[in-house]
Each structure stands twice: as C-alpha cells, then as structure tokens.
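# Survey of secondary and tertiary structure
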Amino acid sequence: MKPEKYRELFGLSLTEAMPAEDLKARAARYDQLTGGSFQDACAGERYSLYFPLLVDKGLLDLWQCFQESLDSGGNVQNPDTLDNIRRYLQGIGTAQAYRFYQRFFQEYGMPGLKRFWDWGHRDFKESLFRASRSCYSGSESLHLQRDFLDGEGQRQLLDWLQDYCFFYEPEKYPGLVVAILRDEFAPSLLSPAEQRALFDLAADRMQLQGWVVQALKSKYLTEEEQRADQAALAVQEQEEAERKRQESLRALRDEYACAESMKAVLKYLENYRYYREKQAQACRIVSEGLPGRLIAWSQRNRPPCSLSMPCS
C-alpha cells in the first residue's frame, strides 16, 4: 500500500476524543511500521486533515513547524506547511494559536503577516473584527472574548487588532474606534482614562455620523457634561435656524428687487401664497418697500415738462 493511502487509512482511527498519550502511541506505531514520521507527513501535506488535531494534542508545535518551513535565509521552502499553519490560526481559537502570534509578532511584527501569507494576512483581522450583515445593513463587529485567555491576553488581542488596522487599513481606523467604544465587552479591557481618550479622539477628530456621536456621548459623558452639551446644541440649533432665516430673507429681498411693476409685485406675492413663513416675510418686504416704489414709478411715468406748462 502506498504511504499516502496507508496514512489516510491510519488517520481514520484518530479522533478528538482520543487522549494525547494514545494518539502519540499510535503515531509512534505508524512511524515504526512505515519508517517515516506521521507528524512530519501531516505537517507538510497540502490541506492536511490531521494537522489541527496533532497541534491540539501537542504532537506538533506551531512555531517549530513554521521555522522548519523556512530555509536558512528566512525564505519559505515549504508553502504547504505554511498554509496549514495559516488555516489553523484562523479565528485564533486555541491557546496554541495565541502563543504562536505572540512569538510571531515579536519576531516579524505586523509586516510579517503579508510577507509570509500575502493576501492571507486578512485572516488575522477577520478573526477579531469581521462583517456581521443583515438584510438591512452591514457592519463589522468585534470578537475578542476567548475562554482560554485572561483579561491581559484579551487586551493583547485588542492591541494587535489596532496595530493591524494602523498598518494595513488606516482608513478604517475610525470604524474600529467606534466599534470598540460601542462594544459591550471591549471597553472593559481599557482603563476609564483610555476609554475617555478614545472617545475624545472619535468625537473631536473623526468625521462620524451625528447619531453615532450622540450614542457615544450618552455612554461616555458625565450627566453634567451631557446637560452642558445639550444646552450648547440648543444654542447651535437656534443660531443655525436664524442663519437660514436670514438667508431666506435676503433671497426674498433680492427677488422683490427684480419686480419692476405692480403686476410683478402681485406675482411675487402669489408665489408664496402657500408658504406660511415665507408669505409673511414677503408681505412684510412689500409693505416696507412698496410706498417708495409707487412714488418712483409715478415719477418715472410722469410726462416731461413743456415750455408752455411749468412743472409743479
């Protein structure tokens, strides 16, 4: 039987429920019978079905597999092993995956994700911050909680995510900040001072939709600050309303200035018959300006003086 066929048949006897010691004993028996290494074969096999099981049971070490997939110059010599590692890391669902990233970022930093996995670098972000879509809207939500990590470890995930966004997708950082501030769990990983600094950054320096800003203010401002903010907002709304009223008034005055006859004045008033506020403004403009206009029109239409009839 060919080695790959025997390995496939042997693999069918392996299950997640099997204790690690039993799995190690079976793998050793496989090695004895075939003269090869079951672990090495699974690590280097393309789309290996047993790679995750061997990592979970401690028969394969992710970091060692990664190092062995590189040559002495740090270049990839076994892309299939590297792809097995990438697929195992998706979701960061185990302590082994977390520990791998700890060593990886210490050694290679964020640029290393693209260096070794090219487009696959997106897997890291999607493990922590991914799309959650409905029929009506689409957004991205945080997924930071891991049962195998304490608060410090989960804070590390958040720091890594921010570093990733800065390096690969800086234009999406405002969306990440909003997601952090609005999330039920993420703010608990930050101190009150850090939460407030992040809120101030979002409210003052990021172009956010008004409803988003108001939602954040209701969560992060004190009661006194909220009252002051509401008062300032009311003043701002009044000033804006007055500005619009003055603009409308100037436009009405300019339009009235173009009315060169009584017929044009009546037409001007008729145009705003069904607009209560503008109708009142138009009537006031006409009442203020019409007497002067009538005098001007009468003088303009008065016949010229003749020598035999002195002007009065």
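Here is a short report on the structure shown in this document. (Residues numbered from 1 in each chain as written. Predicted model: local features only at pLDDT ≥ 70, side-chain atom pairs only at ≥ 80, totals over all residues. Heavy atoms only, no water.)

Another aspect to go through is the layout of surface pockets. Counted as a void, the largest pocket has a volume near 480 Å³. Lining the largest pocket are 17 residues, with Ser-139, Glu-140, Gly-175, Val-178 and Ala-179 sitting closest to its centre. Elements supplying a minimum of two residues to the lining of the largest pocket: strand E2 (138-142), helix H11 (173-182) and helix H13 (210-220). The residue makeup of the lining of the largest pocket, split by class, is nine nonpolar, four polar and four charged. The calculated volume of the second largest pocket comes to roughly 190 Å³. If you trace the second largest pocket, you find 13 residues lining it, with Asp-40, Ala-43, Leu-60, Cys-65 and Glu-68 closest to the centre. Those elements giving two or more residues to the lining of the second largest pocket turn out to be helix H3 (38-44) and helix H5 (62-68). (1 Å grid on protein atoms, 1.4 Å probe; cavity = no way out; pocket = protein on both sides within 12 Å on 5 of 7 lines; lining within 4 Å. Points joined across faces, edges and corners; volume = space filled by probe spheres on them. Helix = DSSP H or I, 4+ residues; strand = E, 2+ residues; numbered from the N terminus. Nonpolar A, V, L, I, M, F, W, Y, C, P; charged D, E, K, R; others polar.)

Inspection of the entire model under this criterion finds 18 salt bridges. The salt bridge partner of Arg-86 is Asp-123, with a shortest N-O separation of 2.6 Å. A residue pair is termed long-range when its members are at least 10 positions apart, and Arg-86 in helix H6 (residues 79-89) and Asp-123 in helix H9 (residues 122-128) qualify at 37 residues. The pair Arg-86 / Asp-123 is uniform in exposure class, with both members buried. (Salt bridge = Lys/Arg side-chain N within 4 Å of Asp/Glu carboxyl O. Buried < 20%, exposed > 50% of the residue type's maximum accessible area, 1.4 Å probe, protein only.)

On to empty space enclosed by the protein. Summed over all chains, the structure comprises two cavities of 30 Å³ or more. Approximately 60 Å³ is the volume found for the largest cavity. In terms of lining residues, the largest cavity is bounded by Arg-86, Leu-89, Gln-90, Tyr-101, Leu-113, Trp-117, Gly-120, His-121, Asp-123, Phe-124 and Ser-127. Volume-wise, the second largest cavity comes out at about 40 Å³. No other element matches the three residues that helix H10 (residues 151-168) contributes to the lining of the second largest cavity. In the lining of the second largest cavity, the residues fall into four nonpolar, no polar and four charged.

Moving on: the packing of aromatic side chains. Counted by the stated rule, this structure contains 33 aromatic pairs. Aromatic side chains Tyr-98 and Trp-160 sit 5.4 Å apart centroid to centroid with 40° between the ring planes, which places their arrangement in the tilted category. In this pair, Tyr-98 sits in helix H7 (residues 95-108) while Trp-160 sits in helix H10, placing the two residues 62 residues apart along the sequence. For the pair Tyr-98 and Trp-160, a shared accessibility class is recorded, and that class is buried. Arranged with centres 6.0 Å apart and planes meeting at 40°, the rings of Phe-124 and Tyr-164 form a pair that is tilted. In this pair, Phe-124 sits in helix H9 while Tyr-164 sits in helix H10, placing the two residues 40 residues apart along the sequence. No difference in accessibility class separates Phe-124 from Tyr-164, as the two residues are buried. (Phe/Tyr/Trp six-rings, centres within 6.5 Å; stacked < 30°, edge-to-face > 60°.)

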